[in-house]
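The primary structure of each chain is shown beneath.
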Amino acid sequence: RFPVLWNLWYVSFTRADYTAALAAAERLMATAEHSGDSNLKMEGHHALWPTLASMGRPLQALAHTHRGLALYSPEHGAAHRYMYGGHDPGVCGHMHVALASWLAGFPERALREREEALRLAHRIDHPLTTTMALFHTGTVLYLCGEREGAGEQFERDQALAQEYGFSRWIDLSAIPSHMRTGAGAAALAEMRRWLDSTRVASWHLAVSACALAELLAEAGRAEDAALLLRSFGGRSLAHCLGPEILRLESAIRLRAVAPDHAAAEAAFRKAIELARGQDSRSLELRAATDLARLLAAQGRREEARHILREIYGWFTEGFNTADLRSARLLLDELGPG
């Protein structure tokens, strides 16, 4: 009965019906706890950690990865990976620690766990597990602002997914695999058609939406980029990258000939509010930096300094990552309060 319940959870999760997935994962965990079987408990946590991370609850996700990984061994994982989702639960745990750590405001831990996920995947040498790990850890590099490295990793992911015919991961890695090399007009149009045709507004697809929006904006098509994000965000902001979709759309719209500064300010504030509600400190910092830059350009320097200093002062690590460097430079420009 337990594998049936697990796979019912997996259906809801892959459909990005995260509310239903959470209810199914909690039921699964209760079943595992009642059984007293440590292997089933690990798989209960294995259902909860991606669900909570996807919903924008990184701190709760981290708690379940910690408990689940404490019960994991590669030997037990070998049997589990063929019954539960087709991938290794240990690698899955480390790649979600990486994602959740970045969201929660611990970028150095995110990068360390990214490496651990890839090391374990290499040791296990299981193609679908490696494909999934490359996508998730490439996403962490992208979020950390290491676009060159992220693009290279998504290229590897695309090649491996094509070699083994993993159609879902071929689709998911297609757009971000262009981040390093760029794309021509025909390729951009094809990417846009594919993204518009998808029905599941998951956080995985939000990575594609953000990457494509950046590619479009760099090709001089800022309005198309903003419209893409508006369309995608309208389908769902209720996942971990919801605040980023809102922030990026507004940042791109500010590049217009006659930008609407009031609308951008309102959107940045909403993104900050969404990120705070999710305990997503890294996304809050991004939105606060954009808002502070906008306010400073309007002569509202003290307000800008207060907003940015409040969230920047929370961080204890990752000061060499792109977002924290950008925030520090802006604070220096704004001067002492």
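What you are looking at is a predicted structure, and each value in this text was computed from that prediction instead of being measured. (Residues numbered from 1 in each chain as written. Predicted model: local features only at pLDDT ≥ 70, side-chain atom pairs only at ≥ 80, totals over all residues. Heavy atoms only, no water.)

*Asks:* I would appreciate a short explanation of the packing of helix α8 (residues 127–143) against helix α10 (residues 167–174) in the present structure.
*Replies:* The relative placement of two packed helices comes down to the angle between their axes together with the axis-to-axis distance. Two numbers describe how α8 lies on α10: the axes approach to 11 Å, and their chain directions differ by 20°. Overall, the two elements α8 and α10 adopt an arrangement that is roughly parallel. In the crossing of α8 with α10, the sense of the turn from one axis to the other is left-handed. Facing Leu128, Thr131, Met132, Phe135 and His136 of α8, the residues of α10 in contact are Trp169, Leu172 and Ser173. Its residues assigned to classes, the contact of α8 with α10 comprises five nonpolar, three polar and no charged. (Axes fitted to C-alpha atoms, helices over the stretch in contact; angles between N-to-C directions. Helix = DSSP H or I, 4+ residues; strand = E, 2+ residues; numbered from the N terminus. Parallel < 35°, antiparallel > 145°, perpendicular 65-115°, else oblique. Left-handed = near helix turned anticlockwise from the far one by under 90°. Contact = heavy atoms within 4.5 Å. Nonpolar A, V, L, I, M, F, W, Y, C, P; charged D, E, K, R; others polar.)

*Asks:* Looking at this structure, how should I read α10?
*Replies:* Given 3.6 residues per helical turn, the α-helix brings residues three or four places apart onto the same face. When α10 is considered as a whole, its buried residues turn out to be Trp169, Leu172 and Ser173. Each buried residue of α10 lies within a common arc of 90° when the element is viewed along its axis, so the set occupies one face. (Buried < 20%, exposed > 50% of the residue type's maximum accessible area, 1.4 Å probe, protein only. Arc of directions from axis to C-beta.)

*Asks:* So what exactly am I meant to see when it comes to the packing of aromatic side chains here?
*Replies:* Two aromatic rings are characterised by how far apart their centres lie and by the angle between their planes. Counted according to the given criterion, the structure contains 14 aromatic pairs. Considering the side-chain rings of tryptophan 6 and tryptophan 9, the 4.9 Å spacing of their centres and the 70° angle between planes classify their relative orientation as edge-to-face. Of this pair, tryptophan 6 and tryptophan 9 both sit in helix α1 (residues 2–14), separated by three residues, roughly a single helical turn. The burial state of tryptophan 6 is the same as that of tryptophan 9; both residues are buried. On the basis of an interplanar angle of 25° and a centroid distance of 5.3 Å, the ring pair of tryptophan 9 and phenylalanine 13 is categorised as stacked. In this pair, tryptophan 9 and phenylalanine 13 both sit in helix α1, four residues apart, roughly one turn of the helix. Judged on exposure class, the residue tryptophan 9 and its partner phenylalanine 13 are both buried. Chaining the aromatic ring pairs together yields one cluster made of Phe2, Trp6, Trp9, Tyr10, Phe13, Tyr18 and Tyr84. Its guanidinium or amino end placed over the ring of tryptophan 169, arginine 168 lies 4.9 Å from that ring's centre, counting from NZ or CZ. (Phe/Tyr/Trp six-rings, centres within 6.5 Å; stacked < 30°, edge-to-face > 60°. Lys NZ or Arg CZ within 6 Å of the ring centre and 35° of its normal.)

*Asks:* Looking at this model, I keep getting lost on the packing of helix α14 (residues 242–253) against helix α16 (residues 281–297). Mind explaining?
*Replies:* Axis separation between α14 and α16 bottoms out at 10 Å; the angle between their running directions is 20°. As the angle between them shows, α14 and α16 are arranged roughly parallel. Along this stretch, α14 crosses α16, giving a crossing that reads as left-handed. Across the interface between the two elements, Pro243, Glu244, Arg247 and Ala251 of α14 pack against Leu283, Arg286, Ala287 and Asp290 of α16.

*Asks:* Honestly, the nonpolar core in this entry has me stumped. Any pointers?
*Replies:* The tendency in soluble globular proteins is for nonpolar side chains to be buried side by side. Trp6, Trp9, Trp203, Leu212, Leu241 and Ile252 are the most contacted members of the largest nonpolar core, which has 88 residues in total. Of the residues forming this core, the biggest block, 12 residues, is contributed by helix α12 (residues 203–218). When near neighbours in sequence (up to four residues on either side) are disregarded, isoleucine 252 contacts Ala213, Ala217, Ala222, Ala225, Ala226 and Leu229. Ranked by size, the runner-up nonpolar core spans 26 residues in total, among them Leu246, Ala267, Ala287 and Ala288. (Core = buried A, V, L, I, M, F, W, Y, C linked by side-chain atoms within 4.5 Å.)

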